[in-house]
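Results of the structural survey
Here's the letter readout for the chains.
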Amino acid sequence: MQPPPISFWHRAQQIPRHYIYLLLAAVVVWQLLFPIRLPIAPSVATRGVYDAIAAVPDDQLILISTDWDASTEAETAPQTQTVIEACFQQKKRFCIMNLQPPMGVKLAHDIAQKTAARYGARYGVDWCNWGYKYGYDNVLMAMAKNIPKAIGGDFYGKPVASLPMMEGVKDVKSIGLVVEITGLSGLTEMWIGLIQGPYRVPFASAYTAVMAPGYYPFLDSGQMKGMLVGAKGAAEMEVLVKRPGKATDIMNVQSWAHVLIIALILVGNAGYVLARVRAGGRER
Amino acid sequence: MGGSLEHANWFMTVLFCAMSAVIVASVVLAQRGRAMFIRPIPGLAAIDEAVGRATEMGRPMFFSTGLHGITIVTLQALAILAHIVRLAAAHATRLIVATASSTLLPVAEESVREAYAAAGRPESYRADDVRFVSDDQFAYALGSIGIMARDRTATNFFFGSFFAEALVLTENGRALGALQVAGCPDPTQIPFFIATCDYVVIGDEYYAASAYLTREPTLTGSLVGQDIVKAAIILLVLVGAAIATYLGAADAGAHNPLLKLLAQGG
Amino acid sequence: MAHLFDPAGTTHALIVYLALSLVASFLLLLALHRLLGPRGRRWLVVLVTFVGGLFFGLEWFYPAHGHPSKNFLTEWIEPVSNMLAVVGAFTVGLGIYSLTQVHGRNVLRRRIGWHNSAAFFLAMVAMLVFTLWEHYLRLPQPTPKLVPWPKGVYEILFNGIFMPLQAATFSLLAFYIASAAYRAFRIQTAEAGLMMAAAFIVMLGQVPFGAWLTSALPEVGSPLAFFRLEKLGEWVMSWLNTPAQRGITFGIAVGALAMSLRIWLSLERGTFFSEQS
């Protein structure tokens with residue numbers, strides 16, 4: 001006896017994953033080549049970051065901790081770009097540093113260099129790079145008390161104290177805002193526990209979309225002034241700094257990728273429900 | 001407003017001492033023979049089934065300890081690993097362990113060796129089966145997938161700290177046809193485990209693992225103590241929310257001592 | 001006393017410290033091996049664990065004064081943490097040894113897939129050699145346009161191979177989540193249906209397409225504004241997700257506290273302590 005033919009609705013539940021991957025790749029390529037641009041409205045969380053940068057007094061620095069690497073570059077690089085743009089536009093002096101992984105400081109340095117050239121900003125006067133500092137909480141605790149001693153040399157190996165913008169910078173009181181841009185868990189808790197909490201230094205952050213939900217409690221409690229969530233947050237910052245860039249392109253692609261995933265889930269569930277209905281009908 | 005977090009204030013000290021006292025008291029009660037109930041945890045109960053599947057198929061098992069080195073999460077993973085090794089030894093099933101931390105490697109080796117010895121099968125321990133793969137996140141994931149594919153593991157266990165590589169590991173493990181059991185206290189990766197694994201241990205079920213698997217009075221007592229502490233926290237949250245709502249409604253003002261106590265704990 | 005952990009000032013002092021440390025470590029290990037049996041070694045582990053945990057716990061709980069706050073243990077935290085970091089760094093050698101052992105055996109015995117192990121050695125040696133070579137070239141900063149060839153090879157290996165591989169592997173997640181979501185999300189119960197609805201709202205609220213779908217609704221000044229997908233998504237994240245995350249965090253923190261107490265007091269079984277006492 002031949003087995004019953006597999007119904008269309010059963011097949012709808014078992015689309016081979018290779019076809020799903022091909023479909024997704026096709027959607028990504030389509031949107032990269034023929035983008036359908038839709039307006040992006042900044043959220044409250046993103047505005048928080050922008051406003052926090054604007055609120056930094058001129059005699060204080062912004063510290064941007066770029067704790068990301070190539071794996072999360074698609075989200076964290078545009079986030080870093082837009083935060084640096086906002087700093088340059090509002091003429092706020094900033095320093096980049098990195099706690100982990102080490103390659104992040106070079107990637108962020110390249111972004112800052114390219115952006116500085118556009119604004120005519122000078123290294124050591126308008127911005128600087130403190131480099132990769134090993135030690136996690138030890139670095140933060142030491143920095144809170146004495147920044148030049150804790151940081152030592154900058155990205156190029158020169159003593160940070162010799163940079164013009166570091167004149168008068170002694171301890172954590174010289175920092176007007178910390179912006180943590182990362183794809184790693186655990187670092188935010190250190191910044192909040194050792195810098196934001198005890199010294200009341202304003203803190204803002206930027207995360208990959210996957211890890212952001214876990215940090216909403218900090219935003220809700222006021223420990224964070226604002227938060228950029230994934231490429232969406234970066235795209236919203238691009239709207240605020242009025243420079244559409246990579247993040248806006250990514251959002252076009254992400255829109256349709258989400259639509260495809262939702263469509264696939266609906267097809268799978270339609271197949272599941274209708275297959276059961278038909279099987280129930282046959283039994284009766 | 002707000003106290004320093006570099007050191008504990010009096011409120012935290014009192015809270016910590018109270019919580020620790022409850023947990024230790026519960027342990028003492030359990031050691032004195034008091035029976036304590038633990039509800040079934042499907043993910044942990046499935047470990048026996050998972051080991052049995054690998055034994056029937058005559059294929060090895062794979063255990064991933066996640067990314068971090070010697071942390072609370074990884075030490076708990078090693079406790080679960082020790083239980084699985086004892087089961088594997090009893091069934092003469094091979095178990096391959098992959099770590100992403102060179103600091104953890106000697107600890108994992110010792111843990112596995114002791115577990116085989118405790119099961120009466122010290123000769124079953126193979127040094128090559130406890131490996132350091134890489135401390136780079138995705139290099140670790142790809143190296144582990146290579147182990148799963150080349151050794152055709154029938155069962156995969158993922159217990160420890162996992163991040164973005166979790167989905168890469170588990171989706172490939174699923175595509176290779178393995179039964180998968182995962183556990184991670186961090187909620188970020190749980191959705192990916194649920195979509196790709198057969199059984200998942202969620203949140204603080206993870207910390208209940210060693211008590212659940214061994215049923216030792218000390219560990220069971222600790223687990224019950226945790227539950228009592230959690231109930232007390234829920235009560236504190238409700239009381240605090242009620243008081244804060246009342247003070248907000250009464251427009252108490254920033255200098256109200258009760259409001260300050262709620263805000264900073266001292 | 002904390003100055004005991006300050007780095008050596010001169011090369012001579014460094015050599016003396018190293019030599020003394022090696023001799024002292026050797027003698028200590030010999031004494032422990034000879035004088036302590038298995039039971040004694042177990043108790044030593046228990047004691048070291050207890051003192052280690054006590055140090056960090058006491059430093060945090062002991063009353064502190066001043067700004068920044070300090071107590072009698074605070075000045076020891078940094079040198080002890082640095083010491084632990086150095087000890088941890090030595091274990092990198094253990095990791096390399098383990099990898100060399102496993103892959104070395106594969107190559108020497110020509111096991112199936114031995115070419116993968118050979119590729120591992122090639123990649124490890126190449127990266128090690130050219131990274132160290134590039135470092136000791138001590139090129140001026142900013143890097144000149146024309147660079148020595150080892151720097152070029154390093155750039156190819158690191159920026160040309162390693163970084164794109166990392167990014168590509170992370171990108172695989174997009175494909176995997178699509179296939180995992182399609183396969184796993186079936187509305188089999190009412191709770192699953194609720195979860196699906198929340199997922200759709202958040203997914204669409206995160207992208208401009210979702211905002212466009214409900215763009216006909218007013219942005220502000222009307223109760224209907226709440227039903228714009230981006231606002232609904234934010235509401236789900238702030239009012240449903242946040243309390244749930246807080247609850248999970250409380251539970252995990254209590255679990256971690258209990259686990260820490262068990263390890264500190266050496267009550268944990270099956271990890272470091274054999275069943276026989």
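These numbers come from a predicted model, not from an experiment. (Residues numbered from 1 in each chain as written. Chains lettered and ligands numbered in written order. Predicted model: local features only at pLDDT ≥ 70, side-chain atom pairs only at ≥ 80, totals over all residues.)

Section: the sheet that holds strand β6 (residues 199-202) of chain B
Residue and element names in this part refer to chain B. The strand order across the open sheet built from 6 strands is β3-β2-β1-β4-β5-β6, with neighbouring strands paired in parallel fashion. Both edges of this open sheet fall to β3 (130-132) and β6, since each of them pairs with a single strand only. For this sheet the average axis-to-axis angle between neighbouring strands, irrespective of direction, equals 15 degrees. Here strand β5 (residues 179-184) pairs with β6 via 4 bridges, running parallel. Across the sheet, residue A182 finds its bridge partner in β6, namely V200. Here helix α3 (residues 72-91) sits on the sheet in contact with β1 (61-66), β2 (95-99) and β4 (155-161), set at roughly 155 degrees to β4. (Pairing = 2+ DSSP bridges. Helix = DSSP H or I, 4+ residues; strand = E, 2+ residues; numbered from the N terminus. Axes fitted to C-alpha atoms, helices over the stretch in contact; angles between N-to-C directions. Contact = placed C-beta atoms within 7 Å.)

Things to note about the packing of helix α6 (residues 165-175) of chain B against helix α5 (residues 149-184) of chain C
It is at 9 Å that the axes of α6 of chain B and α5 of chain C come closest, and there the two elements cross at 55 degrees. Taken together, the axes of α6 of chain B and α5 of chain C lie oblique to each other. Of the two possible hands of crossing, α6 of chain B and α5 of chain C adopt the one that is left-handed. Contacts between α6 of chain B and α5 of chain C involve L167, V168 and E171 of chain B from the first element and T169, L172, L173, Y176, I177 and A180 of chain C from the second. (Parallel < 35°, antiparallel > 145°, perpendicular 65-115°, else oblique. Left-handed = near helix turned anticlockwise from the far one by under 90°.)

Some points on the interface of chain A and chain C
Frequently, the measure chosen for interface size is the accessible area removed from exposure when the parts meet. In this complex, chain A contributes 40 residues to the contact, which on the side of chain C involves 37 residues. The set of elements that each furnish at least two residues to the side of chain A that touches chain C consists of α2 (17-33), α6 (137-145), α9 (216-221) and α11 (246-283) of chain A. Of the residues forming the side of chain A that touches chain C, the biggest block, 13 residues, is contributed by α11 of chain A. Residues of the side of chain A that touches chain C, tallied by class, amount to 23 nonpolar, 11 polar and 6 charged. (Nonpolar A, V, L, I, M, F, W, Y, C, P; charged D, E, K, R; others polar.)

Some points on the interface of chain C and chain B
Every contact between the two is made by 47 residues of chain C and, on the other side, 54 residues of chain B. Tallied by class, residues from the side of chain C that touches chain B come to 27 nonpolar, 15 polar and 5 charged.

What to know about the sheet that holds strand β1 (residues 61-67) of chain A
All names here are of chain A. In spatial order, the strands read β3-β2-β1-β4-β5-β6; together these 6 strands make up an open sheet with parallel pairing. The outermost strands of the open sheet, each flanked by one partner alone, are β3 (127-132) and β6 (227-229). Adjacent strand axes in the sheet meet at a mean angle of 15 degrees, parallel and antiparallel pairs treated alike. Sheet analysis places strand β5 (residues 203-207) next to β6, joined by 3 bridges and oriented parallel. Bridging across to β6, Y207 finds its partner in V229.

Thoughts on unusual backbone geometry
The omega angle of the peptide bond from Q100 of chain A to P101 of chain A is -10 degrees, so this bond is cis rather than trans. In this structure, P101 of chain A sits in the loop between β2 (94-98) and α5 (103-119). Backbone geometry at A92 of chain B places phi at a positive 55 degrees, although glycine is not the residue there. Phi is positive for R110 of chain C, which is not a glycine, with a value near 50 degrees. With respect to the helices and strands, R110 of chain C occurs in the loop between α3 (74-108) and α4 (114-137).

Considerations on the domain arrangement of chain B
Residues and elements named next belong to chain B. Domain boundaries assigned for chain B yield domain 1 (42-214) and domain 2 (217-266). Computed over C-alpha atoms, the centres of domain 1 and domain 2 are 38 Å apart. The interface of domain 1 with domain 2 comprises 4 residues on the first partner and 4 residues on the second. Looking at the side of domain 1 that touches domain 2 residue by residue, the class counts come to 2 nonpolar, 2 polar and no charged. (Domains from an automatic or database assignment.)

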